[in-house]
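# Understanding the architecture of this molecule
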Amino acid sequence: MSDYKVNEATIAVKSELVDVYAKKFAEAVSVVVADSRGLTVEQDTQLRKNLREAGVEFKVVKNSVLRRAAEKAGIEGMEFSGPSAVAFSNEDVVAPAKILSEFAKTAENLEVKGGVIEGKVSSQAEIAAIAALPSREGLLSMLLSVLQAPVRNVALAVKAVADKAESAA
């Protein structure tokens, strides 16, 4: 029997990876973990393109590295099982959840497992709920239209009064 010796260079590389991913967990506003086993090359390429266009980083990472990185970043209660692909977004909370959930509708082999939203561990159902939200731009346009409505109504009322006064004169 041979003794199994852990290669110290491998340990150093994995330790460095843990540090890199711990930093990504800490900086990201949104992290979504998925199982992308069984995707065709075309599907994987399209998914990565969609995520990249939204400013989302997508990596396949060993669960042991992810587990240690999450612990190091102070994220507790996150479980990693099976192959894990992770989407990190530093800007848009909704983008990774929306893109992965939408893509999973057409690619049956893609399964969203859960994630971390603004430092809070989120279940698969919570990720699906976030994916149903409009994008940041959509929410801002809704807010803008809500804020403009009272001003528009006042302007229309003033115009109606001015038109009435003009027609009476």
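Note that the structure is predicted; figures quoted are calculated from it, not measured.

### Structural notes on the pattern of salt bridges
Pairing between side chains becomes possible if they bear opposite charge and their charged atoms approach one another. With the rule as written, the count across this model stands at 9 salt bridges. Of the charged contacts in the structure, one is a salt bridge between Lys49 and Glu53, with a shortest N-O distance of 3.0 Å. Of this pair, Lys49 and Glu53 both sit in helix H2 (residues 41-53), separated by 4 residues, roughly a single helical turn. The exposure class assigned to Lys49 is partly exposed, which follows from its relative accessible area of 39%. Taking relative accessible area as the criterion, Glu53 reaches 59% and is therefore assigned exposed.

### Some points on the pairing of strand E4 (residues 111-117)
Looking along a regular strand, one sees side chains alternate from face to face of the sheet. Most of E4 is tucked away: 5 of the 7 residues are buried. Note: E4 against strand E5 (residues 120-122), 3 bridges, orientation antiparallel. Each bridged residue has a counterpart across the sheet, and for Gly115 the counterpart in E5 is Ser122. Connecting the antiparallel pair E4 and E5 is a turn made up of 2 residues, with Glu118 showing a positive phi of about 50 degrees.

### What about the confidence of the model for the protein?
Atom-level detail of predicted coordinates should not be read off regions where pLDDT is low. Residues at a pLDDT of 70 or more form 95% of the protein, whose mean pLDDT is 84. At the low end of the mean pLDDT range in the protein sits helix H6 (residues 136-168), at 81; at the high end sits H2, at 91.

### Looking at the nonpolar core
Formed by 22 residues in total, the largest nonpolar core has its most connected members in Leu47, Leu51, Phe58, Leu100 and Leu110. For this core, the elements supplying multiple residues, two or more each, are strand E1 (30-35), H2, strand E2 (56-61), strand E3 (84-89), helix H4 (95-106), E4 and helix H5 (124-131). Every residue in contact with Leu110, bar those within four places of it in the chain, is listed here: Ala34, Asp35, Ser36, Leu39, Leu47, Leu100, Phe103 and Ala104. Residues Ala22, Phe25, Val61 and Phe88 belong to the second largest nonpolar core, which totals 18 residues.

### Section: the sheet that holds E2
Pairing is antiparallel across the open sheet formed by 5 strands, whose spatial order is E2-E3-E1-E4-E5. With one partner strand each, in any of the chains shown, E2 and E5 form the two edges of the open sheet. Strand after strand, the sheet turns through a mean of 20 degrees between neighbouring axes, direction not considered. Of the strand pairs in this sheet, E2 and E3 are connected by 6 bridges, and their pairing is antiparallel. Within the sheet, the bridge partner assigned to Val61 lies in E3 and is Ser84. Seen against the sheet, H4 touches E1, E2, E3 and E4 and runs at an angle of roughly 20 degrees to E1.

Analysis parameters
Just so you know, the residues in each chain are numbered from 1, in the order the chain's sequence is written. Only residues with pLDDT of at least 70 get local features here, since the model is predicted, and only at 80 or more are side-chain atom pairs given and counted; chain-wide, interface and lining totals rely on the full set of residues. Excluding hydrogens and water, the side-chain values take into account all heavy atoms of the structure. When a carboxyl oxygen of Asp or Glu is within 4 Å of a side-chain nitrogen of Lys or Arg, the pair counts as a salt bridge. For helices the rule is a DSSP run of H or I covering at least 4 residues; for strands it is a run of E covering at least 2, with both sets numbered from the N terminus onward. Only protein chains enter the area calculation, which uses a 1.4 Å probe; residues under 20% of their type maximum are buried, those over 50% are exposed, and those in between are partly exposed. Criterion used throughout: strands pair if DSSP finds at least two bridges between them. How sure the predictor is of each residue is captured by pLDDT, a score from 0 to 100. Grouping buried Ala, Val, Leu, Ile, Met, Phe, Trp, Tyr and Cys residues that are joined through side-chain atoms within 4.5 Å yields what is termed a nonpolar core. A contact between two residues is defined here by any heavy atoms of the two lying within 4.5 Å. Axes here mean lines fitted to C-alpha atoms, for a helix over just the part in contact, with angles spanning 0 to 180 degrees between N-to-C directions.

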